[in-house]
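Inside the fold
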Amino acid sequence: MNASDEANTTLVVGGGLAGLATALALRNIAGLSEVRIVEASTDESFNNIQEGAGVQLGPNGLRALRFIGGEALLSKIMENGVELKGTVIVISSKMDPMVIPDTAEADTGLSQVFIPWGVMRSLLAEQLPSDSISTGVGGDITGYQPVESTIQPMITPDEPFLPQSFDLVVGADGAASTFRHLIQNDATFLPPNEAQAARRSDLKDGGRMNIKAVVPKKMDEASFKPGHSYAHFAAGGGVACFAGPASADSTYWAISIADEKKDEETEDVFEFLSDIDMNDNKAVKQTLLSKLKGLELEECQFVIDLIESTESECIYLQRSIEAESIGPSLVSKDNNIVLVGDAAHCMSNSYGQSSNFAFEDAASLAVCIRDGKDLGSALETFSESRVARCIEMQTRSAERAAKAMKGEQVEDVSKWIFEWDIQ
Ligand SMILES: Cc1cc2nc3c(=O)[nH]c(=O)nc-3n(C[C@H](O)[C@H](O)[C@H](O)COP(=O)(O)OP(=O)(O)OC[C@H]3O[C@@H](n4cnc5c(N)ncnc54)[C@H](O)[C@@H]3O)c2cc1C
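Residues numbered from 1 in each chain as written. Predicted model: local features only at pLDDT ≥ 70, side-chain atom pairs only at ≥ 80, totals over all residues. Heavy atoms only, no water.

Let us look at the sheet that holds strand 13 (residues 203-215). Taken in spatial order, the seven strands of this open sheet run 6-5-14-15-16-13-19, and their pairing is mixed. At either end of the open sheet lies a strand with only one pairing partner, and these are strand 6 (98-101) and strand 19 (316-323). Each neighbouring strand pair of the sheet contributes to a mean axis angle of 20°, computed without reference to strand direction. Relative to strand 19, strand 13 runs antiparallel, the two sharing seven bridges. Of the residues in strand 19, the one forming a bridge with K204 is E322. (Pairing = 2+ DSSP bridges. Helix = DSSP H or I, 4+ residues; strand = E, 2+ residues; numbered from the N terminus. Axes fitted to C-alpha atoms, helices over the stretch in contact; angles between N-to-C directions.)

Shown next as structure tokens:
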């Protein structure tokens, strides 16, 4: 028996980028054949390639994906995404913009690539046997019960989620994770009647609203440098605007808006969009446009034009949230549950690395299981290395921010991030 034999039947809970990449890695690298995925969202939503906005893949994420899916997967990503050549910082309409060339390719041999989020998900999903993915299920799992050396996910203590039990459950259930709560509290069930709150109990809000979309039109090459992302940070730090190519024939935009103080005395905060229904995308679009136009900044015009040409249902909203802490362990004491992706490390200051780190998790977990003499030690090795990487990322980000505040020269943390390789 080795770790792969002990993880023979594996259930991945969550069919986001982390869950799909992990299922693929466990099949391709660790040689597990019985890996099943359950995804809470509907079939229609899961198969919608327009869902989400876009993700920026760095050399570390691409290296992990190549390891998981081979050159064939990497080629598909390159075909469907766009290589980034640099960033243009729009400072003011009276000053020339600052052009920062992207050195990822020169430094690592792999460039940074932007790809629509739904396309990335579909590229991963199509590598997996379609009957291994079940949609519209799993959202009601609140715990598990041990069955000899396996575990059975449960809806309630009396109602199993599925009739069978599993050697390993991979919690890829995103930031508001059931399985992170169970591991951190050494519990087998979420507290009754408080499941929703418990999943979020260790998340803190970063005080920003992020709004994004991909628009099906090519970036205008007369106004924008091909292959470049554009950014403008409006004075005061309240609003940041980004846009760039998302694929050969589409463009993304993203806006990050800080909450405002509603009342100086009580320090009540006003969340942007707090007074409108977050599912009412038309209202979101109108409110966003009036906020940006209200700034009366010519420098924001490049995103205003894009937002105006966006179908409101394509807009994706995200609060900036992060877990209070990462670890200490990503594995349950009984070695039957392991966390990946945002469930494992929902971080701020992550340089937009959530998806890249999820792909690193997937490749690392599969290697640890492939090479482990038993499942317990394989999962421990995985957990230690991933927690250490995330903590180092947080430390380097904090040091960078502190130096920047003092006007000192700062380290380019991306270089360290991009160096990651399969151990
Ligand atoms: C629909 C969608 C669109 C996104 N678009 C973008 C984007 O455009 N840009 C960007 O930077 N990031 C986006 N993200 C977030 C980004 O993908 C993640 O931050 C990162 O890739 C880590 O992924 P993850 O799989 O760990 O978490 P997530 O992407 O949050 O995926 C978790 C998945 O698990 C499912 N799930 C949760 N609980 C259960 C359960 N109990 N049973 C079954 N399934 C469950 C969720 O439905 C979700 O599909 C998006 C996420 C989602 C879900």
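Next comes the rest of the account.
Here we take up the packing of helix 11 (residues 354-371) against helix 12 (residues 375-405). Two numbers describe how helix 11 lies on helix 12: the axes approach to 8 Å, and their chain directions differ by 155°. Judged by the inter-axis angle, helix 11 sits roughly antiparallel to helix 12. Judged by the sense of rotation from one axis to the other, the crossing of helix 11 with helix 12 is right-handed. In contact with F357, E360, D361, S364, L365, C368 and I369 of helix 11, helix 12 contributes L375, A378, L379, T381, F382, R386, R389, C390 and M393. (Parallel < 35°, antiparallel > 145°, perpendicular 65-115°, else oblique. Left-handed = near helix turned anticlockwise from the far one by under 90°. Contact = heavy atoms within 4.5 Å.)

Moving on, we get to the site of the ligand. Within the structure, the ligand sits among 28 residues, and E39, A53, W117, G138 and D342 are positioned closest to it. In this structure, an oxygen atom belonging to the ligand sits 2.7 Å away from a side-chain N or O atom of E39. Note that a nitrogen atom of the ligand is positioned 2.9 Å from one of the backbone N or O atoms of G54. With the chains in place, 84% of the 910 Å² that the ligand exposes on its own is no longer accessible. Broken down by secondary-structure element, the contributors of at least two residues to the shell around the ligand are helix 2 (17-28), strand 2 (34-39), strand 3 (54-57), strand 19 and helix 11. For the shell around the ligand, the residue count by class is 11 nonpolar, 12 polar and five charged. Counting contributing residues, the shell around the ligand receives three or more from each of domain 1 (3-78 + 113-202 + 324-418) and domain 2 (208-320). (Near = heavy atom within 4 Å. Polar contact = N/O pair within 3.5 Å; in protein donor to acceptor, adjacent residues only side chain to side chain. Areas by Shrake-Rupley, 256 points an atom, 1.4 Å probe, with all protein chains shown as cover. Nonpolar A, V, L, I, M, F, W, Y, C, P; charged D, E, K, R; others polar. Domains from an automatic or database assignment.)

With that out of the way, let us pick up the domain arrangement of the protein chain. We note that the domain assignment places domain 1 (3-78 + 113-202 + 324-418) and domain 2 (208-320) within the protein chain. Each of domain 1 and domain 2 has a C-alpha centre, and these two points are 28 Å apart. Opposite the seven residues of domain 1 that make contact, domain 2 presents 10 residues. In terms of surface lost to domain 2, no three residues of domain 1 exceed A53, F114 and P116, which account for 68% of the buried area on that side. Joining domain 1 to domain 2, the criterion identifies zero residue pairs in polar contact (both at pLDDT 80 or more). It is strand 7 (residues 112-116) that contributes the most residues to the side of domain 1 that touches domain 2, three residues altogether. Grouping the amino acids of the side of domain 1 that touches domain 2 by side-chain chemistry returns four nonpolar, three polar and no charged. (Buried area = accessible area lost by both parts, 1.4 Å probe.)

Structural remark: α-helix, 3.6 residues per turn; residues separated by three or four positions point the same way. The first and last C-alpha atoms of helix 11 sit 26 Å apart over 18 residues, in line with the 26 Å expected at 1.5 Å per residue. Of all the 18 residues making up helix 11, 15 are buried; the element is thus mostly covered by neighbouring parts of the structure. (Expected span 1.5 Å × (residues − 1). Buried < 20%, exposed > 50% of the residue type's maximum accessible area, 1.4 Å probe, protein only.)

A few words now on the environment of V55. As for its placement among the helices and strands, V55 is situated in strand 3. A C-alpha to C-alpha distance of 28 Å links V55 and P328, two positions 273 residues apart in sequence.

With that out of the way, let us pick up the pattern of salt bridges. In this structure the tally under the stated criterion is 20 salt bridges. A salt bridge links E71 to R66; its shortest N-O distance comes to 4.0 Å. Residue class for R66 comes out partly exposed when judged on its relative accessible area of 29%. The salt bridge involving K293 is made with E308; its shortest N-O contact spans 2.7 Å. Highlighted residues: K293 in helix 9 (residues 281-294) and E308 in helix 10 (residues 301-308), separated in sequence by 15 residues. Using a relative accessible area of 44% as the deciding quantity, one classes K293 as partly exposed. Beyond isolated ion pairs, a larger network of salt bridges with shared partners links D205, D259, E271 and R319. (Salt bridge = Lys/Arg side-chain N within 4 Å of Asp/Glu carboxyl O.)

On to helix 9, then. The end-to-end C-alpha distance of helix 9, which contains 14 residues, comes to 20 Å, matching closely the 20 Å that a straight helix rising 1.5 Å per residue would cover. Residues of helix 9 that are buried: N281, V284, K285, L288, L289 and L292. Viewed along the axis of helix 9, the buried residues span an arc of 125°, placing them on a single side of the element. For helix 9, exposure combined with an orientation more than 90 degrees from the buried face picks out K282 and G294. Among the structural elements, strand 13, strand 15 (239-247), strand 16 (250-258), helix 10 and strand 19 are those in contact with the buried residues of helix 9. Just downstream of helix 9, E296 is the residue with a positive phi angle, here 50°. (Arc of directions from axis to C-beta.)

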